[in-house]
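Coordinate analysis (summary)
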Amino acid sequence: MDTDPAMANFKVLYVLTQLCGLTMIVLMGSWVGVHMGGVGGTDNPALEFNWHPLLMTIGLIFLYGNAILVYRGFRTMRKKTLKVTHAALHMGAFILTVIALKTVFDSHNLAKTPIPNMYSLHSWLGLSAVLIFSLQYVIGFTAYLAPGAKESFRAALMPLHVYFGLFGFVLSIASACMGITEKAIFALGSSYSQLPSSAVMVNLCGVLFVVFGGLVVYLATNPAYKRKPIPEDTVLLTGSAE
């Protein structure tokens, strides 16, 4: 970490962000395991669905958020290493997201009475977030890791890469909040208004999604926390928001 006094605040907020993210994964796992009956395979579509919120929480929220923060959280590492780590975290998030999407479509299509797909606002916004995330990954990999891209093109693309990366992340948070609320209402019905322990857990997960997302966006956009170039850097991308 830098010796800049501003980094003292960054360290506290960064650790808080990680604790918040790990807590939301534990809560989501507890909700799925304790209140939703656990997880299963294609022979039990209802339980197979439960992989969806768990894997999306780990992939499209926790790993996505940490991929955004990697340049600032590991600021003393060489930029090339950070770029590879950034891409690897995104790849992990992408793999988990693909599996999560398969489980939700299976749970609809393989149910005794098939459930329509892509009818809710959650599904529309969720798929939009996945598409933005996927396009971001392909374009970012092509521009910043694959050889051959001109430096002027990389510099011009960076503001859009940063903006749509954050936009996709925020959209993922919004979609996740809608999704767990929707599932809780389907599972609990009118008893949701009585706030049983399952409903409390869902609401807490939603709050942690928002807090985690807010912290990630703040840490990623605060100019005081921008990564300073180190002597080992051989290539600097002008206009980046590290």
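Quantities reported herein were computed from a predicted structural model and do not represent experimental measurements.

This next bit is on the packing of aromatic side chains. Within the structure shown, the criterion is met by 11 aromatic pairs. Centroid distance Tyr137 to Phe141: 6.3 Å. Interplanar angle 25 degrees. Geometry classified as stacked. You can see Tyr137 and its partner Phe141 sitting in helix 5 (residues 121–144), 4 residues apart, about one turn around the helix. Phe141 sits in the partly exposed class, given a relative accessible area of 40%. Aromatic side chains Phe164 and Phe167 sit 6.5 Å apart centroid to centroid with 90 degrees between the ring planes, which places their arrangement in the edge-to-face category. Of this pair, Phe164 and Phe167 both sit in helix 6 (residues 151–188), 3 residues apart, which is roughly one turn of the helix.

Moving on: the UniProt feature "domain: Cytochrome b561" (unreviewed entry) in the chain. Sites flagged by UniProt as "domain: Cytochrome b561" (unreviewed entry) map to residues 16–221. Regarding residues 16–221, the helix share stands at 81% and the strand share at 0%, and the terminal C-alpha atoms are separated by 17 Å.

The full count for this structure, using the stated rule, is 2 salt bridges. For Arg154, the salt bridge goes to Glu151, with nearest N and O atoms at 4.0 Å. Here the residue Arg154 and the residue Glu151 both occupy positions in helix 6, the gap between them amounting to 3 residues, near one helical turn. Its relative accessible area of 35% is what places Glu151 among the partly exposed residues.

Bringing the UniProt feature "transmembrane region" (unreviewed entry) in the chain into the picture now. Here, UniProt's "transmembrane region" (unreviewed entry) annotation points to residues 12–34, 54–74, 86–105, 125–146, 158–181 and 201–220. Strand forms 0% of residues 86–105 and helix 100%; the C-alpha atoms that close the span are 29 Å apart. Along residues 201–220, the helical share is 100% and the strand share 0%, with 28 Å between the first and last C-alpha atoms.

Let us look at the packing of helix 3 (residues 51–73) against helix 5. Running from amino to carboxyl end, helix 3 crosses helix 5 at an angle of 45 degrees, the nearest separation of the two axes being 13 Å. Accordingly, the angle class assigned to the pair helix 3 and helix 5 is oblique. Crossing hand, helix 3 versus helix 5: left-handed. Contacts between helix 3 and helix 5 pair His52, Met56, Leu60 and Tyr64 from the former with His122, Val130 and Phe133 from the latter.

Of all hydrophobic cores here, the largest spans 44 residues; its most connected members are Met24, Met28, Trp31, Phe209 and Phe212. Secondary-structure elements contributing two or more residues to this core are helix 1 (6–35), helix 3, helix 4 (79–109), helix 5, helix 6 and helix 7 (197–221).

Closest axis-to-axis distance for the helix 5/helix 6 pair is 8 Å, and the angle between their directions is 155 degrees. In terms of their interaxial angle, helix 5 and helix 6 are classed as roughly antiparallel. Classified by chirality, the crossing of helix 6 by helix 5 is left-handed. The residue inventory of the contact of helix 5 with helix 6, partitioned by class, reads 15 nonpolar, 11 polar and 2 charged.

Turning our attention to the environment of Lys79. By secondary structure assignment, the location of Lys79 is in helix 4. Placed 148 residues apart in sequence, Lys79 and Arg227 show a C-alpha to C-alpha distance of 10.0 Å.

A separate point is a nonpolar patch on the surface. Taken together, the side chains of Met118, Leu121, Trp124, Leu127, Leu131 and Met178 define a hydrophobic patch exposed on the protein surface, amounting to about 550 Å² of accessible area. The element best represented in the nonpolar patch is helix 5, accounting for 4 residues.

Looking at the secondary structure, you find Ala176 in helix 6. Sequence spacing of Ala176 and Cys205 is 29 residues, and the spatial spacing of their C-alpha atoms is 9.6 Å. Residues within four places of Ala176 in sequence aside, it is in contact with Ile61 and Phe209.

About the cut-offs
- Each residue is numbered by its place in its chain's sequence as written, counting from 1.
- This being a predicted model, a pLDDT of at least 70 is required before a residue's local features are given, and a value of 80 or more before pairs of side-chain atoms are given or counted; all residues contribute to the totals for chains, interfaces and linings.
- Side-chain figures throughout are based on the complete set of non-hydrogen atoms in the structure, without hydrogens or water.
- Working definition: rings of Phe, Tyr and Trp (its six-membered ring) pair if their centres are within 6.5 Å, and the pair is stacked with planes under 30 degrees apart, edge-to-face with planes over 60 apart, and tilted otherwise.
- The way it works is that DSSP assigns letters per residue, a run of H or I at least four long becomes a helix, a run of E at least two long becomes a strand, and they are numbered from the N terminus.
- Working definition: with a 1.4 Å probe on protein chains only, accessible area under 20% of the residue-type maximum means buried, over 50% means exposed, and in between means partly exposed.
- UniProt positions are given in the numbering used here, feature names are shortened, and annotations may be inferred rather than shown by experiment.
- Between Lys or Arg on one side and Asp or Glu on the other, a salt bridge is scored when a side-chain nitrogen of the former is within 4 Å of a carboxyl oxygen of the latter.
- A fitted line through C-alpha atoms represents every axis, and for helices the fit uses only the stretch in contact; the resulting angles, taken between N-to-C directions, go from 0 to 180 degrees.
- Roughly parallel covers angles under 35 degrees, roughly antiparallel covers those over 145, roughly perpendicular covers 65 to 115, and oblique covers all other angles.
- Whether a crossing is left-handed or right-handed is set by the direction in which the near helix is turned from the far one by less than a right angle, anticlockwise for left-handed and clockwise for right-handed.
- Contact between two residues is taken to exist if any of their heavy atoms lie within 4.5 Å; hydrogens are not considered.
- Take the buried Ala, Val, Leu, Ile, Met, Phe, Trp, Tyr and Cys residues and link them wherever side-chain atoms come within 4.5 Å; each set so joined is a nonpolar core.
- Residues are grouped as follows: nonpolar covers Ala, Val, Leu, Ile, Met, Phe, Trp, Tyr, Cys and Pro; charged covers Asp, Glu, Lys and Arg; every other residue, Gly included, is treated as polar.
- Candidate patch residues must exceed 30% relative accessible area and have no salt bridge, after which like charges are joined if within 9 Å and Val, Leu, Ile, Met, Phe, Trp or Tyr side chains if within 5 Å.
- The protein chains shown are the only cover counted for residues, whose accessible areas, like all others here, come from Shrake-Rupley with a 1.4 Å probe.

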